Amino acid sequence: MSSSYSFLLAGRELDVFLSFSGKKALDMDFGYDLSRNGIKSFKSESWKEKSFKPIDRQTLEALTESKVAVVMTSDEEASSVGFLEELLVILEFQEKRSLTVIPIFLTKRPLDMEEVSHLFPERDRMWRTVIAKLENIAAQYSLSRNLAVIHGTHRLKQVADDVRLMFLSCASSDFKGLAGMDRHLKAFHELLALDSDKEVRTVGIRGCAGVGKTTLARYSYAEIFVKFHTHVFLENIQDMKQKLLENIEMEEDVTSSDHERNEITEARNKHRRVLLVADGVKDSEQGQWIKEYANWFAPGSRIILITQDKSVLEESGVNHVYEVGSLRYDEALQLFSRFAFRQPYPPPEFERLSVRAVQLAGFLPMAIRLFGSFLTGRGKEEWEATLLKLSAKQSKEAVEVWKIMEASEDEQIVEASSQR
């Protein structure tokens, strides 16, 4: 698989791949603990697959995009061929150093492989080898199997905290200096006025697609969430509105399996200090509803609304708005060089072409990352041809342009997955 392909999906901003040996392990899913820290996860369903077949494209793309894979196993039910084949691919990514693997063994033995080994004896040795590798990785991580000390939900929250710290470190090296994150954070935190607890303050983040609105919100969230009793990062506003309205109509002591709904409802009922981030706010009705609901939170709470449309914030009565603009020239060139050359500045022979690439990307972080990642390792002739093609399609959205560029990469991925 092409090493540059992993960044072609960067606009989807997937962080963690969740792999489960079966339904017992799935029941311990801690995707909520990740999402409340602003970390996006993909929940694999390969464990459902009982027959032998190549890993599906969606799963392969999710693995390519993720930086961390959490593998949760239990021997309380027979393992599936789908999970074991997925595990082979996960360890391949880990060995290429493109993926950090965190095993979580929910029972003393990682897996029950008797049944599946009997059905597919030709794969047995390969599967047992990969399980042994997983156990070796687990030996280096204290939370992987320390069942005598750390149990259930508490253990998973600790793992989620470790993952959060890992991504905070990655965010620092990937974005903070190179993409102007320092100046964005300083200005944005001034608007948040975190030292004041006199009001429930709502702050908007506005900017065009790909400019880095969500990146700014997630980085800020990771830095400040410890200051609040309750903190939630919402990605689907409309679904959450319906769930919360249902809770208001119900008795207050009714429990729900929806963690986000329970967290926000409890914070409302107990008048807690809350950090609530709402991504993808599309209209003023959503914005006004969030603001009105937040009035029940304790003073000192902070509500962050993220949107592309400035009028949404104006009509929602949001007085504090941070406008995320395009990168400055020096920031854009540094970010591009980081992805294209793995160094702060382009080599002299590629400087002119790099400047052209940054201009074609519109100084937008997402497009710059896509362009730089695609061009890395390619010769000057390929750069010239690629930039010429991009120039001809410049009026289109960056992701749409990249569908053209992905064609040859897709063929390699499909071919690689069919050979496994």
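As a reminder, the structure under discussion sits directly above these lines.
Here's a quick rundown of the structure. Note that the structure is predicted; figures quoted are calculated from it, not measured.

### A few points about the packing of aromatic side chains
Taken as a whole, this structure holds 13 aromatic pairs when the rule is applied. Taken together, a centroid distance of 5.5 Å and an interplanar angle of 25 degrees make the contact between phenylalanine 17 and phenylalanine 42 stacked. On the criterion of sequence distance, the pair formed by phenylalanine 17 in strand β1 (residues 16-20) and phenylalanine 42 in strand β2 (residues 41-43) is long-range, its members being 25 residues apart. When the centroid spacing of 5.5 Å and the interplanar angle of 15 degrees are considered together, the rings of phenylalanine 341 and tryptophan 383 count as stacked. A residue pair is termed long-range when its members are at least 10 positions apart, and phenylalanine 341 in helix α14 (residues 329-341) and tryptophan 383 in helix α17 (residues 380-392) qualify at 42 residues. By the burial criterion, phenylalanine 341 is buried, and tryptophan 383 matches it. Aromatic rings pair up to connect Phe336, Phe341, Phe350 and Trp383 into one cluster. Above the ring of phenylalanine 228, the side-chain terminus of arginine 273 is found at 4.8 Å from the ring centroid. A cation over a ring is seen here: arginine 378 above phenylalanine 374, with NZ or CZ 3.9 Å from the ring centre.

### A short note on the sheet that holds strand β3 (residues 68-73)
Judged by pairing direction, the sheet is parallel, and its 4 strands sit side by side in the order β2-β1-β3-β4 without closing on themselves. At either margin of the open sheet sits one strand with a lone partner, and together these are β2 and β4 (100-105). Here the strands of the sheet are splayed against their neighbours by 20 degrees on average, with no regard to which way each runs. Across 3 bridges, β1 lies against β2 in parallel orientation.

### A short note on the sheet that holds strand β5 (residues 201-206)
Pairing in this open sheet of 5 strands is parallel, and the strands run β6-β7-β8-β5-β9 from one edge to the other. With one partner strand each, in any of the chains shown, β6 (230-234) and β9 (320-323) form the two edges of the open sheet. Strand-to-strand twist in this sheet, taken as the mean axis angle between neighbours without regard to direction, amounts to 15 degrees. Here 6 bridges tie β5 to strand β8 (residues 302-307), and the two strands are oriented parallel to one another. By the bridge assignment, arginine 201 is partnered in β8 with arginine 302. Running at roughly 165 degrees to β6, helix α9 (residues 213-224) makes contact with β5, β6, β7 (274-278), β8 and β9 of the sheet. Here helix α12 (residues 284-294) sits on the sheet and contacts β5, β7 and β8; the angle it forms with β8, its principal contact strand, is near 175 degrees.

Basis of the calculations
- Residue positions are given per chain, counted from 1 along the sequence in the order it is written.
- It should be noted that, the model being predicted, local features are given only for residues of pLDDT at least 70 and side-chain atom pairs only at 80 or more, the latter also being counted only at that level, while totals for whole chains, interfaces and linings use all residues.
- Water and hydrogen atoms were dropped before computing side-chain values, which therefore reflect all heavy atoms in the structure.
- Here a pair means two rings of Phe, Tyr or Trp (six-membered ring of Trp) with centres within 6.5 Å. Their orientation is stacked below 30 degrees between planes, edge-to-face above 60, and tilted elsewhere.
- Only DSSP runs of H or I with at least four residues qualify as helices, and only runs of E with at least two residues qualify as strands; both kinds are numbered from the N terminus onward.
- Each residue's exposure class comes from its accessible area (1.4 Å probe, protein chains only) as a fraction of the maximum for that residue type: buried when under 20%, exposed when over 50%, partly exposed otherwise.
- Lysine NZ or arginine CZ positioned within 6 Å of the ring centre and within 35 degrees of the ring normal marks a charge as sitting over the ring.
- A pair of strands is treated as paired once DSSP finds two or more bridges between them.
- Angles run from 0 to 180 degrees between N-to-C directions of axes, and those axes are lines fitted to C-alpha atoms, restricted for helices to the stretch in contact.
- Contact criterion: two residues are considered in contact whenever any of their non-hydrogen atoms come within 4.5 Å of each other.

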